[in-house]
Amino acid sequence: MVAARAGQKRRLVRLSAFFSLFAVVALAGIPAYVAPASGEAAAVFVKKIPSRYRDWRFVSVAREEAPLDDIRVILGNDIAIKAYREAKLPFPDGAILTRLAYRYEPSEENNASFGRQQSFVAGHPKNGVQFMVKNSKKYAATGGWGYAQFNDGTAVDDSLLEPCYPCHQAVKSRDFVFTRYAP
Ligand code: HEC
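Thresholds, definitions, all that
Residues numbered from 1 in each chain as written. Predicted model: local features only at pLDDT ≥ 70, side-chain atom pairs only at ≥ 80, totals over all residues. Helix = DSSP H or I, 4+ residues; strand = E, 2+ residues; numbered from the N terminus. Buried ≥ 20, exposed ≤ 12 C-beta atoms within 10 Å, placed from the backbone. Contact = placed C-beta atoms within 7 Å. Near = placed C-beta within 6 Å. Nonpolar A, V, L, I, M, F, W, Y, C, P; charged D, E, K, R; others polar. Pairing = 2+ DSSP bridges. Core = buried A, V, L, I, M, F, W, Y, C linked by C-beta atoms within 7 Å.

## Notes on the overall build of the chain
Summing up its helical and strand segments, the chain has 5 helices and 7 strands in all. Mapped from its N terminus to its C terminus, the chain presents α and β elements in the order α-β-β-α-β-α-β-β-β-β-α-α. Looking at the 183 residues of the chain, the share that counts as buried comes to 19%. Pairs at least 24 residues apart make up 50% of the contacts formed inside the chain by residues separated by at least 6 positions.

## Observations regarding the site of the ligand
Close contacts around the ligand come from 22 residues, with Gln 130, Cys 164, Cys 167, Phe 178 and Thr 179 the closest. Considered class by class, the residues forming the shell around the ligand number 14 nonpolar, 5 polar and 3 charged.

## Remarks on the pairing of strand β5 (residues 129–134)
Note: strand β3 (residues 96–106) against β5, 4 bridges, orientation antiparallel. Bridging across to β5, Leu 97 finds its partner in Met 132. Both β5 and strand β6 (residues 145–151) contribute to a ladder of 6 bridges, which runs antiparallel. Bridge pairing links Gln 130 to Gln 149 in β6.

## Section: the nonpolar core
A general tendency of soluble globular proteins is for nonpolar side chains to be buried together. One finds Ala 80, Leu 97, Phe 131, Val 133 and Tyr 147 to be the most contacted residues of the largest nonpolar core, which totals 22 residues. Mapped by element, the contributors of at least two residues to this core are α2 (78–85), β3, β5 and β6. The contacts of Tyr 147, once residues within four sequence positions are left out, are Phe 45, Val 46, Met 132, Thr 142, Leu 161, Cys 164 and Tyr 165.

## Looking at the environment of Pro 106
Along the chain, the position of Pro 106 falls in strand β3. Separated by 14 residues in the primary sequence, Pro 106 and Phe 120 place their C-alpha atoms 4.2 Å from one another. Ignoring sequence-local partners within four residues, the contact set of Pro 106 consists of Asn 111, Gln 117, Ser 119 and Phe 120.

## Comments concerning the pairing of strand β2 (residues 70–76)
The side-chain alternation of β2 yields one buried face, formed by Asp 70, Arg 72, Ile 74 and Gly 76, and one unburied face, formed by Ile 71, Val 73 and Leu 75. The sheet contact formed by strand β1 (residues 57–64) and β2 spans 7 bridges and is antiparallel. Paired with Phe 58 across the strands is Leu 75, a residue of β2. Where β1 folds back on β2, the antiparallel hairpin that results is connected by 5 residues, among which Asp 69 adopts a positive phi of roughly 45°. Where β2 and β3 come together, 7 bridges link them in antiparallel fashion. By the bridge assignment for β3, Val 73 is matched with Leu 100.

## Considering unusual backbone geometry
Cis peptide bonds are those with omega within 30 degrees of zero, and the linkage from Ala 66 to Pro 67 qualifies with 10°. Locating Pro 67 in the fold gives a position in the loop between β1 and β2. For the bond from Leu 89 to Pro 90, the omega torsion is -5°, close enough to zero to count as cis. Along the chain, Pro 90 turns up in the loop between α2 and β3. A positive phi angle is found at Arg 52, which is not glycine, with a value near 60°. Following the sequence through the fold, Arg 52 ends up in the loop between α1 (2–33) and β1. Of note, the phi angle at Asn 127 is positive, near 60°, even though the residue is not glycine. Mapped onto the secondary structure, Asn 127 falls in the loop between β4 (120–125) and β5.

Below is the structure:
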């Protein structure tokens, strides 16, 4: 009689252990069923500044009028430079492009040598440092590129990163990259 009751109790314990395991598995599965309201994946942004970007290679330069009013350089890591040189699109995962911008300043020193007003150079950094990091899975919601901006080394808020992809869509046919490789 006692033995039968103990056996029943063991079965009950096993049964409840099975159901709690079932509950854990079911709960763990829930996030997979909760799709974003719009049906589209939410944008993921880059929050960590890629290391050694200042050593990357030259892609091209650009000058922006006010209100940006800067002179800028576009650099690429080895993967990006290789893709540019081979004219391979889309850029492969691991490619990273950066845009550094500086005040566009007249150089009194250079002008003195030339004997006239003509020289403009890069002044203090401005308008942040921007990145596009290629990872076709992680950043699928934004064309495979993760966008980032750091102002004085600090990542900007997501709200400032939302306009990046919509504007870069203008050059979708060039894998969302505006800058052409300068010879
Ligand atoms: C209004 C349009 C527009 C918006 C918004 C914009 N960009 Fe760009 N971006 C450009 C253009 C045009 C260029 C090429 C010329 C230049 O650098 O000024 C460029 C160049 C770049 C480059 C160099 C690679 C390339 O595509 O030429 C990077 C990196 C970049 N942008 C990142 C960003 C990030 C990060 C954001 C959001 C914080 C952003 N951009 C927002 C238009 C835009």
